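Here are the chains, one letter per residue:
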Amino acid sequence: MATLSNLLNNLRNFFGNFSGRFTSESGTFHHVDGIVNSFTPSPENIIKDGFDAPDGWNGNKGHHPNAIKTLIIPEGVKGFSGHFLTGWAVTESVVFPDSLKSIGKHDSDSCVFSGCYLPEVVLPKSLKCLGAYAFGNCHIKKMVVPPTVRSRYNRQFKDSTIEELYLPKIILERGKITIGNQDHGFYLNFYVQCHCNIIEY
């Protein structure tokens, strides 16, 4: 008896990849097989004249012509393609769903949220992969990284500034944070690639 997964694969082979839309109060997320490739914000979510905010590494103020109040990612979204929201500003809230598995790819210049200004960001426990430069040159007010996120090290936060970075104490054993360690290599981002104020929890 064929499993549901086999049935879905057979349907994809026959009809092609499944594309569609996810919606939330923030807007519409266009996807292929759960991987979002573009976003149309709802009219009430748009900040009409853009938003002035600090850049990543240098801290100079820059203008973000594309600015929204919230980025509420709906349940069902599995990942984002490269350059999804490059250069945008989000002023109030970012919410990732429990279904999220990846933010870009390891083997490509993902830059999913590069150059963004973001408020509080809590990476979901379900996240398995953070792609190259995923949050490069960002200014993030607060970020929380759960112990389960141990993506490969690939300069995901290069040239970024994180005002408050919450990292799990159970992971932060400085002697183990080495490039050769698959589990802890990811945390090198925060010691050599970006400006941040690390708070253990």
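Notes on the structure follow. (Residues numbered from 1 in each chain as written. Predicted model: local features only at pLDDT ≥ 70, side-chain atom pairs only at ≥ 80, totals over all residues. Heavy atoms only, no water.)

**Brief notes about the sheet that holds strand 3 (residues 35–41)**
Definition in use: Should DSSP find at least two bridges between two strands, the strands are taken to pair. Numbering of helices and strands runs from the N terminus; a helix is a DSSP stretch of H or I covering at least four residues, while a strand is a stretch of E covering at least two.
Taken together, four strands build an open sheet; the order of strands is 1-2-3-7 and the sheet is mixed. With partners counted over all chains shown, the strands left at the sheet margins are strand 1 (19–24) and strand 7 (79–80), one partner each. Taken together, the six bridges between strand 1 and strand 2 (residues 27–32) define a ladder with antiparallel strand orientation. Paired with T23 across the two strands is T28, which belongs to strand 2.

**Re the side chain of S126**
So the rule is basically this: Between N or O atoms, a polar contact is any pair within 3.5 Å; within protein, one atom must be a potential hydrogen donor and the other a potential acceptor, and residues adjacent in sequence are included only when both atoms are from side chains. In what follows, residue pairs with any heavy atoms lying within 4.5 Å of each other are defined as contacts.
Tracing the chain through its elements places S126 in the loop between strand 10 (117–122) and strand 11 (129–130). A distance of 2.6 Å separates a polar side-chain atom of S126 from the backbone oxygen of L100. Residue contacts for S126: discarding those within four places in its chain leaves P97, D98, S99, L100 and K101.

**Let's talk about the packing of aromatic side chains**
Put simply, the test is: Pairing of aromatic rings covers Phe, Tyr and Trp, the last through its six-membered ring, and needs centres within 6.5 Å; plane angles under 30 degrees mean stacked, over 60 mean edge-to-face, and all others mean tilted. Using a 1.4 Å probe on the protein chains alone, a residue whose accessible area is under 20% of its type maximum counts as buried, one over 50% counts as exposed, and one in between counts as partly exposed.
Here the structure, examined in full by the defined rule, presents 16 aromatic pairs. Centroid distance F96 to F113: 6.0 Å. Interplanar angle 65°. Geometry classified as edge-to-face. One end of the pair, F96, is in the loop between strand 8 (89–95) and strand 9 (102–103); the other, F113, is in the loop between strand 9 and strand 10, with 17 residues separating them in the sequence. For F113, a relative accessible area of 1% puts it in the buried group. Here F157 and F190 contribute two aromatic rings whose centre-to-centre distance is 4.9 Å and whose plane-to-plane angle is 45°, an arrangement assigned as tilted.

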